[in-house]
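What follows is the residue order along each chain.
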Amino acid sequence: MAAPYFTDKTFKFLRALARNNSREWFHEHKAEYDANLRGPFLQLITDLQPDLIGISEHYRADPKGVGGSLFRIHRDTRFSNDKTPYKTWSGARFAHVRQRQVDAPSFYLHIQPGNCFVGAGLWHPEPDSQRRIRQFIFDNPGSWKASVQAPAFKRKFSMDGESLVRPPRGFPADHELIEDIKRKNFVAMAPLVDAAVLGPALRKTVTAQFTSLAPLVDYLCAALDLEF
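Residues numbered from 1 in each chain as written. Predicted model: local features only at pLDDT ≥ 70, side-chain atom pairs only at ≥ 80, totals over all residues. Heavy atoms only, no water.

**Some remarks on the environment of H96**
Residue position: H96 is located in strand 2 (residues 90-96). The exposure class of H96 is buried, given its relative accessible area of 2%. With near-sequence residues (within four places) excluded, H96 lies in contact with H58, Y59, A104, P105, C221, L226 and E227. Of the polar contacts made by the side chain of H96, one reaches the backbone nitrogen of R98; its length is 3.0 Å. Of note is the side chain of H96, whose polar atom sits 2.7 Å from the backbone oxygen of E227. (Helix = DSSP H or I, 4+ residues; strand = E, 2+ residues; numbered from the N terminus. Buried < 20%, exposed > 50% of the residue type's maximum accessible area, 1.4 Å probe, protein only. Contact = heavy atoms within 4.5 Å. Polar contact = N/O pair within 3.5 Å; in protein donor to acceptor, adjacent residues only side chain to side chain.)

Next up, the structure:
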């Protein structure tokens, strides 16, 4: 059986960072970050490459240390009242090959003690993308129901994010999918228990969850004229 990617030391580091979120502390413990969080996450991303290609040849698990799938640990504090310099979690986005040219849905993995999860979809889409997805749901309700409202999908995942209070302009309030049309984000998520994240089957678990999330990503790609 494969060795786990993450260990108790991974969560220990993140908990300690939450208590000591300063540049001085992080620099003193950077070796722990590299050994217990960044390095293992990059290895997981590397190992997920063939699995993701098996789901869609248009999606990539990119293990580059900078500019790849792994998010930076540094927070962007320019427009935030919270000036703590580091994220107390780690995440990876598995993006469409065209994501630098157009708004595109992605797969996501989040590592945080007590709050690990997988997800997929499009978070905070551009106004034009949001409009196109809403119109696509309006025009293609059967495909949306078959992918996102299928019992097997709903048992595993929940849709996340804010919604409009009223129907967006141009959409009737009595449409059968109006609650989905009112969404500001088109994202589905499922929690991962800490034991699964620290266990040897994490790669298999993530691949299975991404495979189950693929119908949502496929639908959103179709709405945005992207290949899947």
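Having seen it, we continue.
**Some thoughts on the packing of aromatic side chains**
Applying the stated criterion across every chain yields a total of 17 aromatic pairs. An angle of 55° between the planes, with centres 5.3 Å apart, marks the rings of F26 and Y33 as tilted. Residue classification places F26 among the buried residues on the basis of a relative accessible area of 2%. Taken together, a centroid distance of 5.4 Å and an interplanar angle of 65° make the contact between F94 and F210 edge-to-face. Of the two residues, F94 is situated in strand 2 and F210 in helix 9 (residues 202-223); the sequence distance between them amounts to 116 residues. An identical accessibility class is assigned to F94 and F210; each is buried. (Phe/Tyr/Trp six-rings, centres within 6.5 Å; stacked < 30°, edge-to-face > 60°.)

**Some details on the pairing of strand 4 (residues 116-122)**
Of all 7 residues making up strand 4, 7 are buried, and the element is well covered by its neighbours. Where strand 3 (residues 106-111) meets strand 4, 5 bridges bridge the pair, whose relative direction is antiparallel. Residue F107 lies in a different strand from strand 4, and its bridge partner there is A120. In this antiparallel pair of consecutive strands, strand 3 and strand 4, the connection spans 4 residues, and G114 shows a positive phi of 80°. In this sheet, strand 6 (residues 186-192) lies alongside strand 4 in antiparallel orientation, the contact comprising 7 bridges. Bridge pairing in strand 6 places G121 opposite V187. (Pairing = 2+ DSSP bridges.)

**Things to note about the side chain of Q130**
Mapping Q130 onto the fold places it in helix 4 (residues 127-139). By relative accessible area, Q130 is classed as buried at 18%. With sequence-adjacent residues up to four places away left out, Q130 is seen in contact with P125, R183, K184 and F186.

**So, helix 5 (residues 141-148)**
Turning to helix 5, its buried residues are P141, W144, S147 and V148. Axial view of helix 5: buried residues confined to an arc of 135°, hence all on one face. Those residues of helix 5 that are buried lie in contact with helix 4, helix 6 (151-156), strand 5 (158-160), helix 7 (178-181), strand 6 and helix 9. (Arc of directions from axis to C-beta.)

**Looking at unusual backbone geometry**
Of all residues except glycine, most have a negative phi; of all peptide bonds, most are trans. The residue H124 is not glycine, and still its phi comes out positive at about 50°. Within the secondary structure, H124 is located in the loop between strand 4 and helix 4. Phi is positive for D225, which is not a glycine, with a value near 60°. Looking at the element boundaries, D225 is found in the segment after helix 9.

**Describing the layout of surface pockets**
Counted as a void, the largest pocket has a volume near 1300 Å³. The wall of the largest pocket is formed by 49 residues, among which S69, L70, F71, R93 and Y108 lie closest to the centre. Going through the elements one at a time, helix 2 (23-28), helix 3 (30-55), strand 2, strand 3, strand 4 and strand 6 are the ones with two or more residues in the lining of the largest pocket. For the lining of the largest pocket, the per-class residue count stands at 23 nonpolar, 13 polar and 13 charged. (1 Å grid on protein atoms, 1.4 Å probe; cavity = no way out; pocket = protein on both sides within 12 Å on 5 of 7 lines; lining within 4 Å. Points joined across faces, edges and corners; volume = space filled by probe spheres on them. Nonpolar A, V, L, I, M, F, W, Y, C, P; charged D, E, K, R; others polar.)

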